[in-house]
Every structure is written in structure tokens, then in C-alpha cells.
Amino acid sequence: QVQLVESGGGLVQPGGSLRLSCAASGSIFSINAMGWYRQAPGKQRELVAHISISGRINYADSVKGRFTISRDNAKNTVYLQMNSLKPEDTAVYYCNAADIRTNFQWYPEVWGQGTLVTVSS
């Protein structure tokens, strides 16, 4: 079974930085795409950033120039470096992995449990 474990959330002041990590486990052969989504209270879940196995990247307009997504394919891990954080970045951040091939099974999509990021003074 494939699992995603996130870490790195917490409380930070406006203008500060945080780095989120998400590690996938479970006899994984390959993961086509990995990304980060977020859901603020009372709002729908939205895409933050997405990176393919080839390194193609997409960002939400609201985070362009402030957030950087990267991945380590050998470790099946994706990172989100968040700089110049704003109060409106406050949300639960979810890791997503898509088109996952393991030694035994194919998974269309797996989600992490979420990690809370709070930007407040």
C-alpha cells in the first residue's frame, strides 16, 4: 500500500518561510506526478504547485515567485519551499501523488493526511 507522509507545517509570521516535505512509501517503482494542494477554512481545495517526473512544473498564480516545488525521484519525495508567506497562505496543505506504479499494483492517485500552515503575527 502506498502512503504519503507530510512534514514541515507550523506557525510562522508574515514574511517568513517554511519548507514542507512529503515522502511516499510502499515498494514504489515510479510516480508520474507529485504536487501540493491546500484548503483554507470555508474554501475548496486548490492546487498550489505540481511537478511531473520529468520536472515540468505548474504553480498557482497566487504563489508564483514565492513558492518553489522540487522532487527527489530516488527518494520518492516532493518538497515545497514557501517564502514571503502571507496570512492568506494559511491552510491545510495536502501532498498528492498520481499515476503510481509499485512492484505489485498501479494507483491512480494517493493523498497525504495534510499538514497545517498558519501564517500569523
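Residues numbered from 1 in each chain as written. Predicted model: local features only at pLDDT ≥ 70, side-chain atom pairs only at ≥ 80, totals over all residues. Heavy atoms only, no water.

> Just to check I follow, could you spell out the state of the cysteines for this structure?
Should the sulfur atoms of two cysteines be covalently bonded, the bond is a disulfide. If you walk through the whole model with that rule in mind, you get one disulfide. Two residues share a disulfide in this structure: C22 and C95, whose sulfurs sit 2.1 Å from each other. Its S-S torsion of about -85° marks the bond between C22 and C95 as left-handed, since a negative value means left-handed. Of this pair, C22 sits in strand β3 (residues 18–25) while C95 sits in strand β9 (residues 91–102), placing them 73 residues apart in sequence. (Disulfide = S-S within 2.5 Å. Helix = DSSP H or I, 4+ residues; strand = E, 2+ residues; numbered from the N terminus.)

> Got a minute to help me understand the side chain of R71 in this structure?
Here R71 is to be found in strand β7 (residues 67–72). Buried and without a salt bridge, R71 has D72 as its closest oppositely charged side chain, separated by 8.1 Å. A polar contact is formed between the side chain of R71 and the backbone oxygen of N32, at a distance of 3.3 Å. Separated by 2.6 Å, the side chains of R71 and N73 make a polar contact. With near-sequence residues (within four places) excluded, R71 lies in contact with I31, N32, A33, M34, I51, S52, I53, T77, V78 and Y79. (Buried < 20%, exposed > 50% of the residue type's maximum accessible area, 1.4 Å probe, protein only. Lys, Arg positive; Asp, Glu negative; His and termini not counted. Salt bridge = Lys/Arg side-chain N within 4 Å of Asp/Glu carboxyl O. Polar contact = N/O pair within 3.5 Å; in protein donor to acceptor, adjacent residues only side chain to side chain. Contact = heavy atoms within 4.5 Å.)

> Explain the pairing of β3 here, please?
Remember that side chains alternate between the two faces of the sheet whenever the strand is regular. Of the strand pairs in this sheet, strand β1 (residues 3–7) and β3 are connected by five bridges, and their pairing is antiparallel. Bridging from a neighbouring strand, E6 pairs with C22 of β3. Pairing of β3 with strand β8 (residues 77–82), which is carried by six bridges, proceeds in the antiparallel orientation. By the bridge assignment for β8, C22 is matched with V78. (Pairing = 2+ DSSP bridges.)

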